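Take a look at the letters that make up each chain.
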Amino acid sequence: MTVLNFIKICLAFATAALIVGTGTVAGLFWHFSHGLPDHKQLADYQPATLTRLYAADGKLLAEYAREKRVFVPVDAMPKRVLEAFVAAEDQRFFTHPGIDFIGVIRAMVANVANPGKRPEGASGLTQQVAKNFLLTNQATLSRKIREAILAFRIEETYSKERILELYLNEIYLGAGNYGVAQAALNYFDRSLDELSLSEIAYLAALPKAPNRYNIVRNEKEAYARRDYVLHRMAEDGYITAAEEQAAKAEKLQYRRRSTTEVAQADFFAEEVRRNLMAAYGEKGLYEGGLTVSTTLDPAIQATADNALRDGLIAYDRRHGWRGAYAKIPDMSVWEEEFARLVQRRPLAGPAAWQLAVVSKVEAQSVQLVGLPDGGEGTVPFAEMTWARPTLQNQTVGGAPRSPRDVVSVGDVIVVEKVEKPAGANAKPYPPNTYALRQVPNVEGGVVVMDTQAGRVLAMSGGWSYGRSQFNRAVQAARQPGSAFKPFVYLAAMDAGFTPASIVLDAPFVYDPGYGQPLWTPKNYGGDMLGPTTVRRGLELSRNLMTVRMAQQVGMKRVVEVAKEFGVTNHMGAYLPMALGAGETTLLRMTMAYAMLANGALEITPSLVDRVQDRNGKTVYRHEPRTCRGCGEAAGSGNSPAAPELVDSRKPFHDPASVYQVVSMMQGVTTRGTAGRLAALGRPIAGKTGTTNDAHDNWFLGSTPDITIGVYIGFDEPRTLGGQETGGGNAAPIYEAIAKEIFKGKPPTPFRVPPGLRMVRFSYEGGTIDEVFKPGTEPGSEGFMVTPLDGSAPYSAIDPTQGPQQAGSPRRPGLSGTGETY
């Protein structure tokens, strides 16, 4: 056979092999192309991005996501971030058609040469996009072929920049981070444009094995991989040799996200989450990338949290010591037992509170072990004398005579470090001195609301979100007790009563009929004042006067008023309801008081000011008022007028009646059951509330700007104690919050509706300017007297309508002339 014939035969075989090979490849492509996902769906790629909640001052409040991801367009990414990932993952990305054939051949050779080692992969960035978005992670030949086909199609359809954008926002980079921007925040607490070259190279090192190269757990391997990326960047001409060496010398500083710029309001954030879930569904919340601007004021929230905790602690200490937090029976193994206890039952409370173990009980002190860093400490008996034993119905036993009456060896107790005893001139304690503390078992809630707009500025739902996620501000349905009375008085003002009307504070018996027992309500304390002005009745929270007025006005009208102000949606028209026997929530009551204070302008409580979708489009805004001049540009060389909030809302209730009630409620906070608030030196329309057997304590108070509601009670209703009232428990919490909120701010008076007459008036509480509707002031035919026998009111100046008894203008006394406002 000649050489020429041999060459011809070889060429024939080669041609045949080429035809067969091409046909085989074409057949494989045809076979695996069927049923492939549509790669064009990547044009509408909307990754599952996290929803962020922000406080009103811009601080981050909370994040919600299935995959922690912040989407960043490729145009907004620093060039070096792109270069680092290309150098690390796909050197020829910008030149290959979707598959790096040189890389594939190199990987095949390496795998054949090293059969015992883990096989090398050769998937470029485009192939990874195909796998991550359109396929599964199944390690099969068929998946690799489908991946290659899709990679070609993606390259034909999208630009290299778009492919990089998809990759860098989707890639998993360990520790729950998806996308390079989220990883930058959670590893280094920096945005992409703040990263150093060393940090960029580290992030680019992670896709190969995120857990293996974790900087905290595997520092040596993490640095080695980072250095490899830096070397690749230098080889590809992205950085200079000097930059490479400087970056390799830099020590990586793992920095957790800063908590100083994160607002702390767990109950508030959870309520926002629940509302968002209801509005946008689970997918919208956890994948929609919403930006939520909340109404939260972090400073007010911190004040509310501290005030509520202090109030609960003060109540709890008055009712004694319930015993140790836990008990370690065998002190020979106390360290192991204590460690397990702390893990199992972490302490919920102020950051300064700590758990410790009693190691020795002496005559005048207790020795502690188990403090942070293995420290020891002492609790002097002076810091334990409050710990009288708790007895039934929140009563207490005798004062302890020594530490042995309170604790014993092995007790795990709650302590707080103290520097000196209470008192201005007390001598400092020795170092490592602690005071005995106790986690309260009573609970409570606080709501702080913008009176005019209904914006919830703060919400505390209990002692600690860590102990219980149940939000007493919105989820606890409780009887408001006497805090409901302003709405009975409002119905009375509508019916013709005035603050100066006289109502009998005397025994009252009500027969509900149908064989039910007689109802005989009583005043708190059991006393009765006889004929008393309506104003004084509200100031002193007289039950008997309230039910008399409710009976005369009619409970149907009282129920209408309660529903109108949103106290409740369902309320029976039964006389006991006049004393707050119907259930409602703290949020509803705070809203109702805000609408009293703003003159009956409708509000909807809102925890959210605005919601924006992932593209920045506003999809929700809460603002009952409109802004005149907002967004207007200057024209003709003239400056635009200053923006002005325009309130087009109309009162939904008679403003005159509402103001009369607000005026009387101001007396509650100066001369009544919350008279301690007079020290704040500003107009506050408020009312205390104490339910039957003191199961619940309330105080709600409004200024024209801020309304604050406070509730205290047990989760499983039982008495707080015979002497516990809203004025004694809830009002001090309000006072502590109000002091901080109003510090340095001048008092704001309530707006008086047009037409009301203010008349100088002397009554049981002193001499004041009393408020009357036109025609009902003293000396007019409309000035009505309520007879003591319960019959219909009559004109006080018409001698033919009945005897001039205690309800006449001479009692309690009127003087001066009226002024019209």
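Colleague: Hey, could you go over the pattern of salt bridges for me, with residue numbers and the actual values?
Modeller: Overall, the coordinates contain 45 salt bridges when judged by the stated rule. A salt bridge links Asp411 to Lys327; its shortest N-O distance comes to 3.2 Å. With Asp411 in strand β10 (residues 411-417) and Lys327 in strand β6 (residues 326-327), this residue pair connects regions lying 84 residues apart in the sequence. Residue Asp411 is classed as buried on the basis of its relative accessible area of 9%. Of the charged contacts, one joins Glu539 and Arg535 as a salt bridge, the two residues approaching to 3.9 Å between their closest N and O atoms. A residue pair is termed a helical-turn pair when its members lie 3 or 4 positions apart in one helix, as Glu539 and Arg535 do in helix α15 (residues 534-539) at 4 residues. Arg535 carries the same exposure label as Glu539, and that label is buried. Residues joined by salt bridges that share partners form a network here, namely Arg535, Arg536, Glu539, Arg671 and Glu770.

Colleague: Let's hear about the sheet that holds strand β2 (residues 60-64): which residues, and what values?
Modeller: Pairing in this open sheet of 5 strands is mixed, and the strands run β2-β1-β5-β16-β17 from one edge to the other. Every other strand in the sheet has two partners, leaving β2 and β17 (618-621) as the edge strands with one partner each. For this sheet the average axis-to-axis angle between neighbouring strands, irrespective of direction, equals 15 degrees. Against the sheet, helix α11 (residues 266-287) engages β1 (51-54), β2, β5 (291-294), β16 (608-612) and β17, with an angle of about 35 degrees to β2.

Colleague: Tell me about the sheet that holds strand β20 (residues 685-690), and name the residues and values.
Modeller: Reading across the sheet, the 5 strands line up as β13-β12-β22-β21-β20 and stay open at both edges, with antiparallel pairing between neighbours. Each end of this open sheet is capped by a strand with a single partner; those strands are β13 (456-460) and β20. Sheet twist, expressed as the average angle between the axes of neighbouring strands with direction ignored, equals 5 degrees. Taken together, the 8 bridges between strand β12 (residues 443-450) and strand β22 (residues 706-713) define a ladder with antiparallel strand orientation. Counterpart to Val446 in the pairing with β22 is Val710.

Colleague: Before we move on, can you summarise the side chain of Thr433 with the specific residues and values?
Modeller: One can find Thr433 in the loop between β10 and β11 (434-437). Taking relative accessible area as the criterion, Thr433 reaches 4% and is therefore assigned buried. A distance of 2.6 Å separates the side chain of Thr433 from the backbone oxygen of Pro430, its partner in a polar contact. Ignoring any residue separated from it by four or fewer positions in sequence, one finds Thr433 in contact with Thr378, Pro380, Glu416, Lys417 and Val418.

Colleague: Can you break down the nonpolar core residue by residue, with the values?
Modeller: Judged by nonpolar contacts, the single largest core of 130 residues is most densely connected at Val448, Phe487 and Phe565. Sort the elements by how many residues they give to this core and helix α18 (residues 586-597) lands first, with 10 residues. With residues near it in sequence (within four places) discarded, Val448 still touches Ile300, Arg455, Val456, Leu457, Ala458, Ile706, Thr707, Ile708, Ile737 and Ile741. Within the second largest apolar cluster, 55 residues are counted, among which are Tyr158, Leu192, Leu197 and Ala204.

Colleague: Give a detailed account of empty space enclosed by the protein, specifying residues and quantitative values.
Modeller: A full pass over the atoms with the stated rule returns 1 cavity of 30 Å³ or more. Taken together, Pro480, Phe484, Val567, Thr568, Met571, Met577, Gly580, Gly582 and Glu583 form the lining of the largest cavity. Class assignment for the residues of the lining of the largest cavity results in 5 nonpolar, 3 polar and 1 charged.

Colleague: Outline the environment of Gln452, listing residues and values.
Modeller: Considering the arrangement of structural elements, one finds Gln452 in the loop between β12 and β13. For Gln452, a relative accessible area of 23% corresponds to the partly exposed category. Considered as a pair, Gln452 and Thr707 are 255 residues apart in the sequence and their alpha carbons are 9.3 Å apart. Here Pro704 takes part through its backbone oxygen, which lies 2.8 Å from a polar atom of the side chain of Gln452.

Colleague: I'd like a rundown of the pairing of strand β21 (residues 696-702), residues and numbers included.
Modeller: When a strand is regular, its side chains alternate between the sheet's two faces. Within β21, 7 of the 7 residues are buried, which leaves the element mostly enclosed by the surrounding structure. As paired strands, β20 and β21 are joined by 6 bridges and run antiparallel to one another. Along β21, the bridge assignment pairs Gly686 with Gly701. The loop that links β20 with its antiparallel partner β21 comprises 5 residues; one of these, Asp693, has a positive phi angle of about 60 degrees. Bridging between β21 and β22 involves 7 bridges; their strand directions are antiparallel. Paired with Gly701 across the bridge in β22 is Ile708. Counted between consecutive antiparallel strands, the loop separating β21 from β22 contains 3 residues.

Colleague: I'd like to hear about the packing of aromatic side chains, residue by residue, with values.
Modeller: On inspection of all chains with the given rule, the structure shows 21 aromatic pairs. Ring centres of Tyr172 and Tyr178 lie 4.9 Å apart, and the angle between their planes is 50 degrees; this geometry places the pair in the tilted category. A residue is classified by how much of its surface remains accessible, and Tyr172, at 31% relative accessible area, is partly exposed. On the basis of relative accessibility, which here comes to 21%, the residue Tyr178 falls in the partly exposed class. Note on Phe761 and Tyr763: the rings are 6.3 Å apart at their centroids and 25 degrees apart in plane angle, and the pair reads as stacked. Residue classification places Phe761 among the buried positions, given a relative accessible area of 1%. The ring of Phe93 has Lys160 lying over it, and the distance from NZ or CZ to the ring centre is 4.5 Å. The ring of Trp463 carries Arg309 above its face, with NZ or CZ at 5.4 Å from the centroid.

Colleague: Describe the confidence of the model for the protein, and please don't skip the residues or the numbers.
Modeller: This prediction gives the protein a mean pLDDT of 87; 85% of its residues lie at or above 70. Within the model, the stretch residues 794-821 combines pLDDT values under 50 with 66 contacts to residues more than four positions away or in other chains.

Colleague: I'd like a description of the layout of surface pockets, backed by residues and values.
Modeller: Once rolled over the atoms, a probe with the size of a water molecule shows which space is left empty. By volume, the second largest pocket is sized at about 700 Å³. Taken together, 32 residues line the second largest pocket, and the ones lying closest to its centre are Ser482, Tyr524, Asn543, Thr690 and Thr691. In terms of residue count, the dominant contributor to the lining of the second largest pocket is β20 (4 residues).

Colleague: Please set out the side chain of Ser606 residue by residue, giving values where relevant.
Modeller: For Ser606, the position within the fold is in the loop between α18 and β16. In contact with Ser606, other than residues within four places in its own chain, are Thr295, Gly454, Arg455, Val456, Tyr620 and His622.

Colleague: Now, about the pairing of β1: what can you tell me, with residues and values included?
Modeller: In terms of strand pairing, β1 meets β2 through 4 bridges, oriented antiparallel. Its bridge partner lying in β2, Arg52 is registered against Glu63. Where β1 folds back onto β2 in an antiparallel hairpin, the turn is made up of 5 residues, including Gly58, whose phi is positive at roughly 95 degrees. Where β1 meets β5, 3 bridges bridge the pair, whose relative direction is parallel.

Cut-off values and rules
- Residues numbered from 1 in each chain as written.
- Predicted model: local features only at pLDDT ≥ 70, side-chain atom pairs only at ≥ 80, totals over all residues.
- Heavy atoms only, no water.
- Salt bridge = Lys/Arg side-chain N within 4 Å of Asp/Glu carboxyl O.
- Helix = DSSP H or I, 4+ residues; strand = E, 2+ residues; numbered from the N terminus.
- Buried < 20%, exposed > 50% of the residue type's maximum accessible area, 1.4 Å probe, protein only.
- Pairing = 2+ DSSP bridges.
- Axes fitted to C-alpha atoms, helices over the stretch in contact; angles between N-to-C directions.
- Contact = heavy atoms within 4.5 Å.
- Polar contact = N/O pair within 3.5 Å; in protein donor to acceptor, adjacent residues only side chain to side chain.
- Core = buried A, V, L, I, M, F, W, Y, C linked by side-chain atoms within 4.5 Å.
- 1 Å grid on protein atoms, 1.4 Å probe; cavity = no way out; pocket = protein on both sides within 12 Å on 5 of 7 lines; lining within 4 Å.
- Points joined across faces, edges and corners; volume = space filled by probe spheres on them.
- Nonpolar A, V, L, I, M, F, W, Y, C, P; charged D, E, K, R; others polar.
- Phe/Tyr/Trp six-rings, centres within 6.5 Å; stacked < 30°, edge-to-face > 60°.
- Lys NZ or Arg CZ within 6 Å of the ring centre and 35° of its normal.
- pLDDT = per-residue confidence, 0-100.

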